[in-house]
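# Analysis of the macromolecular model
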Amino acid sequence: MPSCTVDGRPSFQATAIRRSYEKWINWKSLVGPDPDSVGVGEKGLVWDNGAAAYIVCQPSEDVSAPGSYIELRLTTFRSEGDEQEVRSVLPPLLEEFAAFAQRELKCA
């Protein structure tokens, strides 16, 4: 999981996880009570310290057949009080991350 540091402290992490089934993508434990929806991937969400979306590389043919779903997460390690700034920066980063994953993984 690549991460960036600022002044020696972790500040940002990007994660991509391949899932075989769409139902395995669940961010309830991450998002908190008030996520914002964003138009990235199949279901883009942004919250105080992170963002997530997923893209479909190969949909499941039926409920028992695996597909290829790429879950994308951005996590920030921020100071208190900068939630609005983080929420404004994350959607375009998530959009770039999704475009990069689609291009590099050759997803439709």
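This report concerns the structure included in the present document. (Residues numbered from 1 in each chain as written. Predicted model: local features only at pLDDT ≥ 70, side-chain atom pairs only at ≥ 80, totals over all residues. Heavy atoms only, no water.)

This brings us to the side chain of Thr76. Inspection of the secondary structure puts Thr76 in strand S6 (residues 68-76). According to the relative accessible area criterion, Thr76 is buried, its value standing at 10%. Here Thr76 is in contact with Ser11, Phe12, Asp48, Asn49, Gly50, Val86 and Leu90, once residues within four sequence places are set aside. (Helix = DSSP H or I, 4+ residues; strand = E, 2+ residues; numbered from the N terminus. Buried < 20%, exposed > 50% of the residue type's maximum accessible area, 1.4 Å probe, protein only. Contact = heavy atoms within 4.5 Å.)

If you look at the biggest cluster of nonpolar residues, it comprises 17 residues, and the most contacted ones within it are Val40, Ala51, Ile55, Leu72, Leu74, Leu90 and Leu94. At the level of elements, strand S5 (50-58), S6 and helix H2 (83-105) are the ones that each hand at least two residues to this core. Here the element with the most residues in this core is H2; it accounts for six residues. Those residues in contact with Leu72 that sit more than four places away from it in its chain are Thr15, Ala16, Ala51, Ala52, Ala53, Leu94, Phe97, Ala98 and Ala101. Of all hydrophobic cores here, the second largest spans eight residues; its members include Trp47, Ala52, Tyr54 and Tyr69. (Core = buried A, V, L, I, M, F, W, Y, C linked by side-chain atoms within 4.5 Å.)

The subject of this paragraph is unusual backbone geometry. Even without being a glycine, Lys106 presents a positive backbone phi close to 60°. When you line up the elements, Lys106 lands in the segment after H2.

By themselves these figures say nothing about function.
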